[in-house]
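Descriptive analysis of the structure
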Amino acid sequence: MSTPSPKGTGTLLEPSGARHARILGVGGYRPERVVPNSEIVDLIDSSDEWIRERSGIISRRFAAQDESVVDMAEHATRQALEASGLEAAQVDAVVLATVTHPYQTPAAAPILADRLGIQGAAFDISAACAGYCHGIALANDMVRGGSAQHVLVVGVEKLSDFTDPTDRGTAFIFGDGAGAAIVGPSETPGIGPTIWGSDGSQWRTISQRDSWVELKEAGGVGSPAIGMAGQSVFRWAVWGMAPVAQKALDAAGVRAEDLDAFIPHQANMRIIDAMVKQLKLPEDIAVARDIAETANTSAASVPLATERLLREGEAPHGGLALQIGFGAGLVYAAQVVVLP
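The structure presented is a predicted model; accordingly, all values stated were derived computationally and were not measured. (Residues numbered from 1 in each chain as written. Predicted model: local features only at pLDDT ≥ 70, side-chain atom pairs only at ≥ 80, totals over all residues. Heavy atoms only, no water.)

Before going further, it helps to spend a moment on the overall build of the protein. For the protein, the helix and strand inventory stands at nine helices and 14 strands. For a compact globule of 340 residues, the expected C-alpha radius of gyration is about 20 Å, and the protein comes in at 20 Å, within 12% of that figure. A principal-axis box enclosing the C-alpha atoms of the protein has dimensions of 70 × 55 × 40 Å. The 340 residues of the protein split such that 54% are buried. As displayed, the protein offers around 15700 Å² of accessible surface, 50% of which is attributable to carbon and sulfur atoms. Charged side chains of the protein number 26 positive and 40 negative; the gap between the two group centres comes to 4 Å. (Helix = DSSP H or I, 4+ residues; strand = E, 2+ residues; numbered from the N terminus. Rg over C-alpha atoms; globule rule 2.2 N^0.38 Å. Buried < 20%, exposed > 50% of the residue type's maximum accessible area, 1.4 Å probe, protein only. Areas by Shrake-Rupley, 256 points an atom, 1.4 Å probe, with all protein chains shown as cover. Lys, Arg positive; Asp, Glu negative; His and termini not counted. Charge placed at Lys NZ, Arg CZ, Asp CG, Glu CD.)

Pasting the structure below:
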């Protein structure tokens, strides 16, 4: 039997998107409960001073027991919509970055979309602390590629559900929260090229201790808590991420002195300080240090830090910001953006 030949009678239409895209507005949500170091130290035989010196963290926010990642994402989204001057009905797609939605399926994004009255595409991405920057890259390509006009990007985590309070290496690090951004068309470039990548050979350095299958086979005995090889992660972040950030600057055609803000993933204050030094950032650049009061909120950390810088007037609307996320996978993503 011969292989059939194509009919050749149809031609696909080329999608038409915007020439450029930008972030139109951001929003953030921090749960009500403030958890100081003093509430963490007893179970890990530590002290407030030790935690501050090791991480720069003073406090973090924990969500209420009945507060879900979707609840937090909704709060942040409504703020982002207001900031962008858009209605939810104008959003064509939802990209939600999280590693703490407690269901393997369905994803959190369609549930969030339903609450907002959005029936467009909605899906989750799992890129841990780099999730939001991955989402911004996808949204940029969607708007410019013509598959959506306005995209909601959310980074949200309820890490308190996945933290072992007796683990000295992680109990003090994580917090809960949500950040959101609306990406839409622009007459000028608003999102630079994304520099992203992965190193799966180091996947065990930050990972859930037991897989869901292992927990099932153990009769539920075990923990879905996230574990981390702190020193390995610290070295990777300090020595590996500054070059990635520099590549993002180069790809965008921007110099360090052109920046108005530097918004790195809020993993550790010492990592942030080391990156500032390696990138030789001038002192007049606003540097996000949201970790002091919010701790490490994984996918939510970059948008939460962005929202705080803008709200508190530390960074200018319309300024250039270098943002970078990095974490479990190991994965990373960085880009220069125009602040909304």
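Bringing the environment of A137 into the picture now. Position of A137 relative to the elements: it lies in helix α4 (residues 131-145). Taking relative accessible area as the criterion, A137 reaches 4% and is therefore assigned buried. Sequence spacing of A137 and A334 is 197 residues, and the spatial spacing of their C-alpha atoms is 8.9 Å. In contact with A137, other than residues within four places in its own chain, are T194, W196 and Q335. (Contact = heavy atoms within 4.5 Å.)

Within the largest apolar cluster, 49 residues are counted, with the highest numbers of intra-cluster contacts made by F262, L322, I324 and F326. Going through the elements one at a time, α6 (230-252), α7 (269-278), α8 (291-294), β13 (320-327) and β14 (331-338) are the ones with two or more residues in this core. Examining the composition of this core, we find that nine residues originate from one element, α6, more than from any other. Sequence-distant contacts of I324, that is, excluding residues within four places in its chain, are made with C133, M241, V244, A245, F262, I263, P264, H265, M275, V302, A333 and A334. If you look at the next biggest cluster of nonpolar residues, it comprises 33 residues, including V26, A139, V143 and A315. (Core = buried A, V, L, I, M, F, W, Y, C linked by side-chain atoms within 4.5 Å.)

Turning next to the packing of aromatic side chains. Taken as a whole, this structure holds three aromatic pairs when the rule is applied. Aromatic side chains W50 and F172 sit 5.4 Å apart centroid to centroid with 75 degrees between the ring planes, which places their arrangement in the edge-to-face category. Highlighted residues: W50 in helix α1 (residues 48-55) and F172 in the loop between β6 (151-158) and β7 (176-186), separated in sequence by 122 residues. On the basis of relative accessibility, which here comes to 25%, the residue W50 falls in the partly exposed class. With a centroid separation of 6.2 Å and 75 degrees between ring planes, the pair formed by W236 and F326 is classed as edge-to-face. Remark: F326 occurs in strand β13 and W236 occurs in helix α6; sequence separation between them is 90 residues. Owing to a relative accessible area of 4%, F326 belongs among the buried residues under this scheme. (Phe/Tyr/Trp six-rings, centres within 6.5 Å; stacked < 30°, edge-to-face > 60°.)

Pairing between side chains of opposite charge can happen when their charged atoms approach one another. According to the stated counting rule, one finds 18 salt bridges in the structure shown. Residue R255 is joined to E257 by a salt bridge in which the shortest nitrogen-to-oxygen separation is 3.6 Å. Linking D273 and R289 is a salt bridge whose minimum nitrogen-to-oxygen distance equals 2.5 Å. Of this pair, D273 sits in helix α7 while R289 sits in the loop between β12 (286-287) and α8, and the two are 16 residues apart along the sequence. The partly exposed category is assigned to D273, whose relative accessible area is 37%. Owing to a relative accessible area of 36%, R289 belongs among the partly exposed residues under this scheme. Among the ionic contacts, a cluster of salt bridges with common partners joins R30, D290, E293, E307, R308, R311 and E312. (Salt bridge = Lys/Arg side-chain N within 4 Å of Asp/Glu carboxyl O.)

Attention now goes to the sheet that holds strand β5 (residues 121-125). The five strands lie next to each other as β1-β7-β6-β4-β5, forming an open sheet whose pairing is mixed. Edge positions in the sheet fall to β1 (20-29) and β5, since each has one partner strand and no second. Going from strand to strand, the sheet's axes swing by 20 degrees on average, the running direction of each strand aside. Bridging between β6 and β7 involves eight bridges; their strand directions are antiparallel. Bridge pairing in β7 places E157 opposite G177. (Pairing = 2+ DSSP bridges. Axes fitted to C-alpha atoms, helices over the stretch in contact; angles between N-to-C directions.)

Bringing the packing of α6 against α7 into the picture now. Two numbers describe how α6 lies on α7: the axes approach to 9 Å, and their chain directions differ by 35 degrees. Crossing handedness for the pair α6 and α7: right-handed. Contacts from F234, A237, V238, W239, M241, A242 and A245 of α6 reach α7 at R270, I271, A274, M275 and Q278. For the contact of α6 with α7, the per-class residue count stands at ten nonpolar, one polar and one charged. (Left-handed = near helix turned anticlockwise from the far one by under 90°. Nonpolar A, V, L, I, M, F, W, Y, C, P; charged D, E, K, R; others polar.)

The next thing to look at is the sheet that holds strand β8 (residues 195-198). Strands sit in the order β8-β14-β13-β11-β12 across an open sheet of five strands; the sheet is mixed. Single-partner strands in this sheet number two, and they are β8 and β12. Across four bridges, strand β11 (residues 261-264) lies against β13 in parallel orientation. In the strand pairing of β13, P264 is matched with I324. Strands β8, β13 and β14 of the sheet are contacted by α4, whose axis makes an angle of about 55 degrees with β14.

Spatial relationships are all this shows, so hold off on functional conclusions.
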